[in-house]
Amino acid sequence: MIEEGACEKLPRDEEDFAILGATPAFAEPLHVGRPNIGDRERLMERIGGILDRRRLTNDGPLVREFEQRVADFVGVRHCVATCNGTLALQIATRAAGLSGEAIVSPLTFVATVHALQWHAVTPVFCDVGRQTHNLDPASVEEVITARTSAIVGVHLWGRPCAIDELTAIADRHGLALLFDASHAFGCSYRGRMVGSFGQAEVLSFHATKFINSFEGGAIVTDDDAFAEKARMMRNHGFEDYDKVVCVGTNAKMTEAAAAMGLTSLEARDRFYAANRRNYDAYRAGLDAIAGVDLIDYDESELCNRNYVVVEVDESAALSRDELQHVLWAENVLARRYFFPGCHRSEPYRSLLPEAGLRLPEAERLVRRLLALPTGAAMDPTTIAVVAELIRRAMAEAPRLRRRLQATHTDAHPSVAA
Ligand SMILES: *Cc1c(COP(=O)(O)O)cnc(C)c1O
């Protein structure tokens with residue numbers, strides 16, 4: 001059953017827009033990243049088992065099973081599960097022994113960059129490719145200095161980085177190579193699963209991700225020593241019952257999270273199918289709207305299609321921000337991922353006030369990108385309505401723009417009452 005979230009469309013005059021005072025198109029908000037939910041009974045069974053065993057955390061059997069399943073799926077020897085992706089990033093940064101500077105994309109969720117800063121590694125922002133939205137290998141080479149210790153790639157929207165090129169650059173300069181694969185669990189690169197590249201890759205199983213464990217994350221790697229270090233750091237630096245051998249933190253995944261993660265992982269074929277179907281529905285609905293381009297995915301690779309992202313360019317009748325206001329009024333909570341870019345968020349904005357000058361493509365993209373709701377809670381009928389709203393909004397732009405200019409300045413849109 002995929003169509004669990006078919007959303008009620010309220011009756012109204014076809015010509016109206018909520019921003020002009022009409023009833024919103026949807027009674028309930030449509031969220032980007034509404035969680036995918038696996039089989040409830042299986043989840044409850046697993047939770048029951050946890051309570052029966054009275055083993056709630058500390059490397060319990062479900063965490064170990066989850067780690068094994070994830071490692072097998074990705075095709076690596078080690079998976080170290082954590083309580084979230086951010087701590088997995090922090091641990092990976094420390095386990096890789098990073099220092100000085102690390103090269104990173106500004107077009108990512110801020111946690112990628114915070115993990116470096118948290119460990120006192122200076123993030124050096126590097127521009128992204130206009131089409132790929134990922135680190136541009138030529139620009140990476142330009143920002144390498146004597147202080148550079150690593151390249152941290154992000155497979156944005158589930159589209160893998162230029163992994164071969166980045167690997168060659170890292171090898172040539174003796175740099176560590178890590179990937180934030182939070183968006184790309186279940187995606188492949190040249191036929192091999194994402195998660196198996198670089199020294200290690202980091203996954204997130206946050207509620208909004210393709211596969212979730214409520215909150216959760218993991219470090220995946222083929223490097224035995226790296227995995228061992230990460231495992232100890234995850235648990236306060238304990239090597240054994242009462243032997244602490246390094247600095248550590250508490251980043252352990254709970255059994256309840258693993259129960260959800262296992263159940264979610266088992267349902268992945270349904271999630272792949274729902275996202276594929278949703279993507280195709282958006283593709284059909286948004287076809288030939290001037291200035292609104294849906295990003296594509298490489299059809300020859302496995303992809304979770306967990307992000308439906310459009311670029312709204314200068315030729316569109318409404319700007320990205322205007323379109324977002326119109327959609328929010330209709331209860332379509334489209335998101336400006338990742339506005340305004342990490343380089344324009346604190347503390348980086350103050351530390352590196354000029355960074356934007358070297359990042360023309362990222363600066364361009366943060367003004368154009370808009371993520372639309374998808375996932376197993378969306379369905380093609382709802383998507384057809386969303387797409388039609390976008391088409392009509394663009395067609396009736398002058399009328400909408402007048403209203404927007406009268407009522408909104410730069411304020412972020414709020415949810416319809
Ligand atoms: C979700 C996400 C993270 C953080 O993961 P959490 O599990 O939420 O801590 C890091 N990087 C990217 C690109 C993400 O999308």
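In what follows, the structure referred to is the one given above.
Residues numbered from 1 in each chain as written. Predicted model: local features only at pLDDT ≥ 70, side-chain atom pairs only at ≥ 80, totals over all residues. Heavy atoms only, no water.

**Q** Can you help me understand the layout of surface pockets in this one?
**A** Which parts of space are left empty comes out when a probe the size of a water molecule is rolled across the atoms. Approximately 740 Å³ is the volume attributed to the largest pocket. Lining the largest pocket are 41 residues, with Phe-109, His-183, Lys-209, Tyr-337 and Phe-338 sitting closest to its centre. When residues of the lining of the largest pocket are traced back to their parent elements, those giving at least two are α3 (85–95), α4 (111–118) and β16 (369–372). For the lining of the largest pocket, the element with the most residues is α3, which contributes three residues. The residue inventory of the lining of the largest pocket, partitioned by class, reads 16 nonpolar, 19 polar and six charged. Taken together, domain 1 (18–34 + 268–334 + 373–406) and domain 2 (40–266) each give at least three residues to the lining of the largest pocket, which thus spans both. Taken as a whole, the second largest pocket holds about 560 Å³ of empty space. Surrounding the second largest pocket, 29 residues form its lining, Gln-131, Thr-132, Arg-159, Pro-160 and Asp-296 being those nearest its centre. Only β7 (188–189) and β13 (292–294) provide two or more residues apiece to the lining of the second largest pocket. Of the residues in the lining of the second largest pocket, the class split is 12 nonpolar, seven polar and 10 charged. (1 Å grid on protein atoms, 1.4 Å probe; cavity = no way out; pocket = protein on both sides within 12 Å on 5 of 7 lines; lining within 4 Å. Points joined across faces, edges and corners; volume = space filled by probe spheres on them. Helix = DSSP H or I, 4+ residues; strand = E, 2+ residues; numbered from the N terminus. Nonpolar A, V, L, I, M, F, W, Y, C, P; charged D, E, K, R; others polar. Domains from an automatic or database assignment.)

**Q** Before we go on, may I ask you to explain unusual backbone geometry in this structure?
**A** What is expected of a backbone is that most residues other than glycine have negative phi and most peptide bonds are trans. In this model, Tyr-337 is joined to Phe-338 through a cis peptide bond whose omega is -10 degrees. With respect to the secondary-structure elements, Phe-338 resides in the loop between β15 (332–333) and α11 (348–351). Cis geometry marks the peptide bond from Phe-339 to Pro-340; its omega dihedral reads 0 degrees. When you line up the elements, Pro-340 lands in the loop between β15 and α11. Backbone geometry places Arg-54, a non-glycine residue, at a positive phi of 55 degrees. By the secondary structure assignment, Arg-54 is in the loop between α1 (40–53) and α2 (61–74). According to the relative accessible area criterion, Arg-54 is exposed, its value standing at 76%. (Buried < 20%, exposed > 50% of the residue type's maximum accessible area, 1.4 Å probe, protein only.)

**Q** Would you mind showing me how to read the nonpolar core here?
**A** Note that soluble globular proteins tend to have their nonpolar side chains buried in a common cluster. Within the largest apolar cluster, 142 residues are counted, with the highest numbers of intra-cluster contacts made by Val-70, Trp-157, Ile-219 and Leu-372. Here the element with the most residues in this core is helix α13 (residues 380–395); it accounts for eight residues. Taken together, domain 1 (18–34 + 268–334 + 373–406) and domain 2 (40–266) each give at least three residues to this core, which thus spans both. Among all residues touching Leu-372, those that are not within four sequence positions of it are Val-32, Tyr-282, Leu-286, Val-308, Val-310, Leu-327, Ala-334 and Ile-390. (Core = buried A, V, L, I, M, F, W, Y, C linked by side-chain atoms within 4.5 Å. Contact = heavy atoms within 4.5 Å.)

**Q** In this structure, what is going on with α13? I would like to understand it.
**A** Helical periodicity: at 3.6 residues per turn, an α-helix aligns residues three or four positions apart in one direction. The terminal C-alpha atoms of α13, which comprises 16 residues, lie 22 Å apart, in line with the 22 Å expected from a rise of 1.5 Å per residue. Those residues of α13 not exposed but buried are Thr-382, Ile-383, Val-385, Val-386, Ala-387, Leu-389, Ile-390, Arg-392, Ala-393 and Met-394. At the N-terminal end of α13, a side-chain oxygen is found 3.0 Å from the backbone nitrogen of Thr-381, two or three residues along, and the residue is Asp-379. (Expected span 1.5 Å × (residues − 1). Polar contact = N/O pair within 3.5 Å; in protein donor to acceptor, adjacent residues only side chain to side chain.)

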